[in-house]
Amino acid sequence: MPTGARFAGDPTKRASPPRRRNTRTMISPLAALGVSTPILAAPMAGGPSTPALVTAAARANSLGFLAGGYRTADALAGQIAKVRSDGVGFGVNLFAPNPVPVEPEAFRRYARAVAPEARAYDVDVHAAGIVEDDDHWQDKVHLLLTDPVPVVSFTFGIPEAAVIAALRAAGTLVVQTVTSAAEARLAAEAGVDLLAVQASAAGGHSGTLTPQHIPAPVSLTDLLGEVRQAVSLPLVAAGGVATPADVAGALRAGATAVMVGSVLLRADEAGTSRPHRAALADPARRRTVVTRAFTGRPARALRNDFTDRYTDLAPAGYPALHHLTSPMRRAAAAADDPERINLWAGTGYRHAAAEPAGQILQGLASEL
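What comes next concerns the included structure.

What counts as what
Residues numbered from 1 in each chain as written. Predicted model: local features only at pLDDT ≥ 70, side-chain atom pairs only at ≥ 80, totals over all residues. Heavy atoms only, no water. 1 Å grid on protein atoms, 1.4 Å probe; cavity = no way out; pocket = protein on both sides within 12 Å on 5 of 7 lines; lining within 4 Å. Points joined across faces, edges and corners; volume = space filled by probe spheres on them. Nonpolar A, V, L, I, M, F, W, Y, C, P; charged D, E, K, R; others polar. Helix = DSSP H or I, 4+ residues; strand = E, 2+ residues; numbered from the N terminus. Buried < 20%, exposed > 50% of the residue type's maximum accessible area, 1.4 Å probe, protein only. Pairing = 2+ DSSP bridges. Right-handed = clockwise from strand over helix to strand, strands pointing away. Patch = residues over 30% accessible without salt bridge, like charges linked within 9 Å, V, L, I, M, F, W, Y side chains within 5 Å. Areas by Shrake-Rupley, 256 points an atom, 1.4 Å probe, with all protein chains shown as cover. Salt bridge = Lys/Arg side-chain N within 4 Å of Asp/Glu carboxyl O. Lys, Arg positive; Asp, Glu negative; His and termini not counted. Charge placed at Lys NZ, Arg CZ, Asp CG, Glu CD. Contact = heavy atoms within 4.5 Å. Core = buried A, V, L, I, M, F, W, Y, C linked by side-chain atoms within 4.5 Å.

Some thoughts on empty space enclosed by the protein
Thinking step 1. Under the criterion given, the structure shown has 3 cavities of 30 Å³ or more.
Thinking step 2. The space that makes up the largest cavity amounts to roughly 630 Å³.
Thinking step 3. For the lining of the largest cavity, the residue count by class is 22 nonpolar, 16 polar and no charged.

Considerations on the layout of surface pockets
Thinking step 1. The calculated volume of the largest pocket comes to roughly 450 Å³.
Thinking step 2. If you go around the largest pocket, you meet 19 residues; those closest to its centre are Ala 45, Gly 46, Gly 47, Arg 329 and Asn 342.
Thinking step 3. With 5 residues, the single largest contributor to the lining of the largest pocket is helix α12 (residues 320–334).
Thinking step 4. By residue class, the composition of the lining of the largest pocket is 6 nonpolar, 11 polar and 2 charged.

Some remarks on the pairing of strand β5 (residues 173–178)
Thinking step 1. In terms of burial, β5 is a largely internal element, 6 of the 6 residues being buried.
Thinking step 2. In the sheet, strand β4 (residues 151–155) pairs with β5 via 4 bridges, with the strands oriented parallel. Paired with Val 152 across the two strands is Val 174, which belongs to β5.
Thinking step 3. Taking the sense of rotation as the criterion, the β-α-β connection linking β4, helix α6 (residues 161–169) and β5 turns out right-handed.
Thinking step 4. Strand direction decides the pairing type here: β5 and strand β6 (residues 194–198), joined by 4 bridges, are parallel. Residue pairing across strands places Thr 177 opposite Ala 196, the latter belonging to β6.
Thinking step 5. The β-α-β motif built from β5, the intervening helix α7 (residues 181–190) and the parallel element β6 has right-handed crossover chirality.

Some details on a negative patch on the surface
Thinking step 1. Residues Asp 74, Glu 132, Asp 133, Asp 134 and Asp 139 make up a contiguous surface patch of negative charge.
Thinking step 2. As for its position among the elements, Asp 134 is in the loop between α4 (104–119) and α5 (137–146).
Thinking step 3. The class for Asp 134 is partly exposed, based on a relative accessible area of 39%.

A closer look at the side chain of His 276
Thinking step 1. Locating His 276 in the fold gives a position in helix α10 (residues 274–281).
Thinking step 2. Dropping the residues within four chain positions of it, His 276 is found in contact with Leu 265, Ile 341, Asn 342, Leu 343 and Trp 344.

Quick word on the nonpolar core
Thinking step 1. Grouped together as the largest cluster of nonpolar side chains are 72 residues, with contacts concentrated most on Ile 80, Val 92, Leu 195, Val 258, Val 260 and Leu 264.
Thinking step 2. Take this core: its biggest share by element is 5 residues, from helix α2 (residues 51–59).
Thinking step 3. Within the second largest apolar cluster, 21 residues are counted, among which are Ala 118, Ala 293, Ala 314 and Ala 320.

Quick notes on the sheet that holds strand β11 (residues 299–302)
Thinking step 1. Pairing in this open sheet of 3 strands is antiparallel, and the strands run β7-β11-β10 from one edge to the other. Two strands bound the open sheet, and with one partner strand each, they are β7 (204–205) and β10 (288–291).
Thinking step 2. In this sheet, β11 lies alongside β7 in antiparallel orientation, the contact comprising 2 bridges. What sits directly across from Gly 204, in β11, is Arg 300.

Focus: the pattern of salt bridges
Thinking step 1. Summed over the entire model, instances satisfying the criterion amount to 14 salt bridges.
Thinking step 2. A salt bridge links Glu 117 to Arg 340; the shortest N-O distance between them is 2.9 Å. Within this pair, whereas Glu 117 is found in helix α4, its partner Arg 340 is found in the loop between α12 and α13 (357–364), the two being separated by 223 residues in sequence.
Thinking step 3. Judged by relative accessible area, Glu 117 falls into the buried class, the value being 6%.

Below you can see the structure in the form of structure tokens.
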């Protein structure tokens, strides 16, 4: 890919009317990466996104993203090396700093509330301090600038324009997650190449730039329309995309491609925990909710005992609440306890299948 390469559709030019495009045109900027199917595998931090999943996506003529969130730069470098050894194209996602500092008394009050849950696994949250870190941001940016990868996407915040420019100068395509037209304008002004437009139906954390507020429940097609009116950058649609009809509908609404996550959580190559996989297939679990209970940031998950008890009690506070509850969640996952872990899932989770990832991605393309 040439240095500074951009998708067709420079932000300085006027947007053209929405039109149906053929698959080759839609993903031609990624052709050098072997992509010929406009269905990308989303990054899913915390375990589900593995090098094997990313490689499987690439071998299905798609593109997968390693999830850099919650990893050190060294750990991320190891995953990058593994995917590179497979000889496939790939992307990397980072959480860009956009902290929500927690109010200390609210933090202590919440720690007292969840203490009985943690105590079941001999975790003492009363001793936990407030951790307000930046997820090794500078180290990971340094890694991606000194050892560039084909694509980098950002979630939670928009990096400084200088970081984006440096990545593009290194030949990296830069993608920004947005959840509104206003965020899309900010991302375009910062100089990104492509927008991942995430609707509220998405599983896991919302990419909203204002996590103090729960994002409005706007449909993906409506959100795509609003963003297309605001900017002329190419769009990748995300959030609730779970069927071939969903894929086709998003492309008709003006997306260049779609990005799927929840439907891959049970894929053979995913690193999803055993209780999470089982919960996704459990017919007794009928609803998802948007909750701050686990991390202090809005995220969509299957309902469980923890969300029922603590969604209304949890303060805004990321990453402090993430660090508070993560030891309990790790212990619960190891004990096959689905009631004290974050069962991230989008609204289309019922379509998650225990199959090879390539087969899932190819099935989603069946109506194109």
